[in-house]
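What follows is the residue order along each chain.
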Amino acid sequence: MTDSPRPRDTRTALVDRWRDTLLAARSGAPGPDPLPYAENLLARWDEPQRRYHTTAHLTAVLDRIDTLAPYAADVHAVRLAAWFHDAVYRPDRTENEERSAALAERALPEAGVGEAVTAEVARLVRLTVTHDPAEGDGNGEVLCDADLAVLAGSPQEYAAYAAQVREEYGFVPDEAFRAGRADVLRQLLALPRLFRTPHGAAEWEARARHNLATELELLGSPSDPR
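In this report, we go over the structure that sits alongside the text. The shown structure was predicted, so the numbers you read here are calculated from the model rather than taken from an experiment. (Residues numbered from 1 in each chain as written. Predicted model: local features only at pLDDT ≥ 70, side-chain atom pairs only at ≥ 80, totals over all residues. Heavy atoms only, no water.)

## Thoughts on the overall build of the protein chain
Helix and strand counts for the protein chain stand at 11 helices and 0 strands. Computed over C-alpha atoms, the radius of gyration of the protein chain comes to 17 Å, within 12% of the 17 Å expected from 2.2 N^0.38 for 226 residues, which places it in the range of a compact globule. Counting over 226 residues, the protein chain shows a buried share of 50%. Considering only contacts in the protein chain between residues 6 or more positions apart, those separated by 24 or more positions represent 67%. Accessible area of the protein chain: about 10600 Å², with a carbon and sulfur share of 54%. One finds the centroid of the 26 positive side-chain charges in the protein chain at a distance of 2 Å from the centroid of its 37 negative side-chain charges. (Helix = DSSP H or I, 4+ residues; strand = E, 2+ residues; numbered from the N terminus. Rg over C-alpha atoms; globule rule 2.2 N^0.38 Å. Buried < 20%, exposed > 50% of the residue type's maximum accessible area, 1.4 Å probe, protein only. Contact = heavy atoms within 4.5 Å. Areas by Shrake-Rupley, 256 points an atom, 1.4 Å probe, with all protein chains shown as cover. Lys, Arg positive; Asp, Glu negative; His and termini not counted. Charge placed at Lys NZ, Arg CZ, Asp CG, Glu CD.)

Quick look at the structure:
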């Protein structure tokens, strides 16, 4: 389940996936060539400050959305939200989700996507701040589950993910990073459920909680968030 590096031809596959999703989200409405939008987004996902939030992560999230698609009310909006959810990413800033949502609000109408779908994509991107969708929010549940599924990897896969996150925050001293990371882990463990879709709850919940608690212990903090 690790968001590991993919072969170079995966970039072509991502462009194809973007084109198919954008055309479907347009619902037959005219619009400009999808390719420049794909290239712009992929350039963002390839920025040098990224170690975990890369095109490998994007691909993994899109793959998981494919698995969870039956639970979404508008899977095309969810896929677009996956493309935009970390399109703006600076580990030294706190407004990444808001800036990513604003980017979607600017780019999607220009790309031919209607107002309602654009608004839903932006809402979903903002939801990734908390990963806590409301009951019955199928689109939000699918996106958040797909984004958090990395937490349910094997011990080796989870360790690789955690190491990539640490690399992204390489500018933060060890003591400060451990404290901040522990706070994030406690917040996740305090959620009544990490995964909201039936598939996520059955396949990922227990393993993810075990991984989170193990990392928290390794950071020198108690594993019980309460």
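## Re helix α6 (residues 115-127)
At 3.6 residues per turn, the α-helix brings residues three or four places apart onto the same side. The end-to-end C-alpha separation of α6 is 18 Å, in line with the 18 Å expected for 13 residues at 1.5 Å each. Buried within α6 we find V117, T118, E120, V121, A122, L124, V125 and L127. Buried residues along α6 sit in contact with α1 (10-26), α4 (75-84), α5 (96-110) and α7 (138-148). (Expected span 1.5 Å × (residues − 1).)

## Points about the side chain of H53
Looking at the element boundaries, H53 is found in the loop between α2 (35-45) and α3 (55-68). A polar atom in the side chain of H53 sits 3.5 Å from the side chain of Y89. When residues no more than four places from it in sequence are discounted, the contact partners of H53 are W45, D86, Y89 and E168. (Polar contact = N/O pair within 3.5 Å; in protein donor to acceptor, adjacent residues only side chain to side chain.)

## Here's the deal with helix α9 (residues 174-190)
Taking 1.5 Å as the rise per residue, α9 with 17 residues should run 24 Å; its terminal C-alpha atoms sit 24 Å apart, in good agreement. Here α9 has its buried residues at F177, R181, A182, L185, L188 and L189. For α9, the angular spread of the buried residues around the axis is 130°, confining them to a single face. Every exposed residue of α9 that faces more than 90 degrees away from the buried side is listed here: E175 and Q187. Buried residues along α9 sit in contact with α7, α8 (155-168) and α11 (205-218). (Arc of directions from axis to C-beta.)

## Overview of unusual backbone geometry
A positive phi angle, near 55°, is found at S27, a position not held by glycine. The residue S27 is located in the loop between α1 and α2 in this model. The backbone of H131 shows a phi angle near 55°, a positive value even though the residue is not glycine. Among the secondary structure elements, H131 is positioned in the loop between α6 and α7. What makes H131 buried here is its relative accessible area of 11%.

## Section: the pattern of salt bridges
For the structure on display, the rule yields 20 salt bridges. Between E120 and R123 there is a salt bridge whose closest N-O contact spans 2.9 Å. Placement of both E120 and R123 in helix α6 is noted, with a separation of 3 residues, approximately one turn of the helix. On the basis of relative accessible area, E120 is assigned to the buried category, the value being 18%. E135 is the partner of R193 in a salt bridge, and the nearest nitrogen-oxygen pair spans 3.3 Å. Of this pair, R193 sits in the loop between α9 and α10 (198-203) while E135 is found in the loop between α6 and α7, placing the two residues 58 residues apart along the sequence. By sharing partners, the salt bridges in this structure join R17, D63, D66 and R79 into a single network. (Salt bridge = Lys/Arg side-chain N within 4 Å of Asp/Glu carboxyl O.)

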